[in-house]
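Notes for the structure review
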Amino acid sequence: MLAIIGGSGLTQLAKLEVGQRKVVSTPYGEPSAALSFGHFAGRPVVFLARHGDQHSIPPHQVNYRANLWALAEARVLGIVAVAAVGSIRSDLRPGDLVLPDQIIDYTWGRPSTFHEGPGAVVAHIDFTEPYDQALRRRLLDAAATIGIRLGAAAVYAATQGPRLESAAEINRLERDGADVVGMTGMPEAALARELALPYAALNVVANYAAGRGDDRGGISLEAIHAVLAASMQQVHAIIEAMLRDDE
Ligand code: HPA
């Protein structure tokens, strides 16, 4: 069973036929929302709204450990994490979709490992390739099959939020080599790796990052919402095509 974590603009999976909503608790507390078990494109999936069903949990307060733990306990075989991003690169425009292949983590103060606390043993995971290659490939193939453009590589910068960045901060991220910026990619990806869960992020470009493109004069939140509403159709279509291809 595949898990889908929905971010801003995807608090529900419209075409998910929900069978059972399950409120779970974990040794790390409560996940952001109940797990919605159901079928999508005829395949079993479980959906979790990262920011809660009412979109009320800001990025730095998401209980990433509880979310990932709950999905592991549900025995998912992989996670597609949908998330909105700002684009630092001029050729990645609002409405575009991209599958990041690398991460730079600028977040702080977020519980970011399962291997701490009383009785825990220190563990260091390999994070050279932060995303699962096979899952990325399946998403790319699915997008190609239905003719949706999906960028095959990008460096994702995870910022703390919840505020957006300053123009100078975006310049710094660009100098560091980042292509897109979002607030939820970490520690989510690292925690998935700690649990050995294949994880890929599907990023929707919601806006040009601060000081870039049309957003030079400031970022319009109304415009972000409009872009996300339109692009989520494509996210649905890609995931649907990927599941349909499954044996
Ligand atoms: N910055 C950080 N996170 C985001 C942005 C942004 O510009 N757009 C959507 N998520």
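Just so it is clear, the model here is predicted, and its values are computed rather than measured.

1. Focus on the UniProt feature "binding site: substrate" (unreviewed entry) in the protein
Cross-referencing UniProt, the feature "binding site: substrate" (unreviewed entry) maps to M183, N207, Y208 and A209 in the present numbering. If you take the residues mentioned a moment ago, the ones lining the largest pocket come down to M183, N207 and A209. In this fold, N207 is placed in strand 11 (residues 199-208). The exposure class assigned to N207 is buried, which follows from its relative accessible area of 8%. Sequence-distant contacts of N207, that is, excluding residues within four places in its chain, are made with V85, G86, S87, P94, D215, I219 and I224. Along the chain, A209 turns up in the loop between strand 11 and helix 5 (221-245). Judged by relative accessible area, A209 falls into the buried class, the value being 1%. Not counting residues up to four positions away in its chain, the partners in contact with A209 are G86, S87, I88, I170, V181, D215 and I219.

2. Some remarks on the packing of helix 1 (residues 64-73) against helix 4 (residues 185-194)
Viewed as axis vectors pointing N to C, helix 1 and helix 4 meet at an angle of 35°, and their least axial separation amounts to 9 Å. Crossing hand, helix 1 versus helix 4: right-handed. Together, Y64, R65 and L68 of helix 1 and M186, P187, E188, L191 and A192 of helix 4 make up the contact between the two elements. Grouping the constituent residues of the contact of helix 1 with helix 4 by class yields six nonpolar, no polar and two charged.

3. Some thoughts on the site of the ligand
Lining the immediate environment of the ligand, one finds A84, V85, G86, L164, E165, V181, G182, M183 and N207. Here E165 contributes a side-chain N or O atom positioned 2.7 Å from a nitrogen atom of the ligand. N207 is positioned such that a nitrogen or oxygen atom in its side chain is 2.7 Å from a nitrogen atom of the ligand. Bound to the protein, the ligand loses 92% of the 260 Å² it would expose on its own. Assessed atom by atom at 2 Å from the grid points, the ligand resides in the largest pocket. Split by residue class, the shell around the ligand holds five nonpolar, three polar and one charged.

4. A look at the packing of aromatic side chains
On inspection of all chains with the given rule, the structure shows four aromatic pairs. For the pair Y28 and F114, a centre-to-centre distance of 5.1 Å together with 70° between the ring planes defines the contact as edge-to-face. Within this pair, whereas Y28 is found in the loop between strand 2 (17-22) and strand 3 (35-40), its partner F114 is found in the loop between strand 7 (102-105) and helix 2 (133-145), the two being separated by 86 residues in sequence. Overall, the relative accessible area of 24% leaves Y28 in the partly exposed class. By relative accessible area, F114 is classed as buried at 7%. A ring pair is formed by Y131 and Y199, whose centres lie 6.2 Å apart and whose planes are at 15°; its orientation type is stacked. On the criterion of sequence distance, the pair formed by Y131 in the loop between strand 7 and helix 2 and Y199 in strand 11 is long-range, its members being 68 residues apart. Its relative accessible area of 3% is what places Y131 among the buried residues. Exposure remark for Y199: the relative accessible area of 3% places this residue in the buried category.

Rules of the game
- Residues numbered from 1 in each chain as written.
- Predicted model: local features only at pLDDT ≥ 70, side-chain atom pairs only at ≥ 80, totals over all residues.
- Heavy atoms only, no water.
- UniProt positions renumbered as here; feature names shortened; annotations may be inferred.
- 1 Å grid on protein atoms, 1.4 Å probe; cavity = no way out; pocket = protein on both sides within 12 Å on 5 of 7 lines; lining within 4 Å.
- Helix = DSSP H or I, 4+ residues; strand = E, 2+ residues; numbered from the N terminus.
- Buried < 20%, exposed > 50% of the residue type's maximum accessible area, 1.4 Å probe, protein only.
- Contact = heavy atoms within 4.5 Å.
- Axes fitted to C-alpha atoms, helices over the stretch in contact; angles between N-to-C directions.
- Left-handed = near helix turned anticlockwise from the far one by under 90°.
- Nonpolar A, V, L, I, M, F, W, Y, C, P; charged D, E, K, R; others polar.
- Near = heavy atom within 4 Å.
- Polar contact = N/O pair within 3.5 Å; in protein donor to acceptor, adjacent residues only side chain to side chain.
- Areas by Shrake-Rupley, 256 points an atom, 1.4 Å probe, with all protein chains shown as cover.
- Sits in = over half its atoms within 2 Å of the grid points.
- Phe/Tyr/Trp six-rings, centres within 6.5 Å; stacked < 30°, edge-to-face > 60°.

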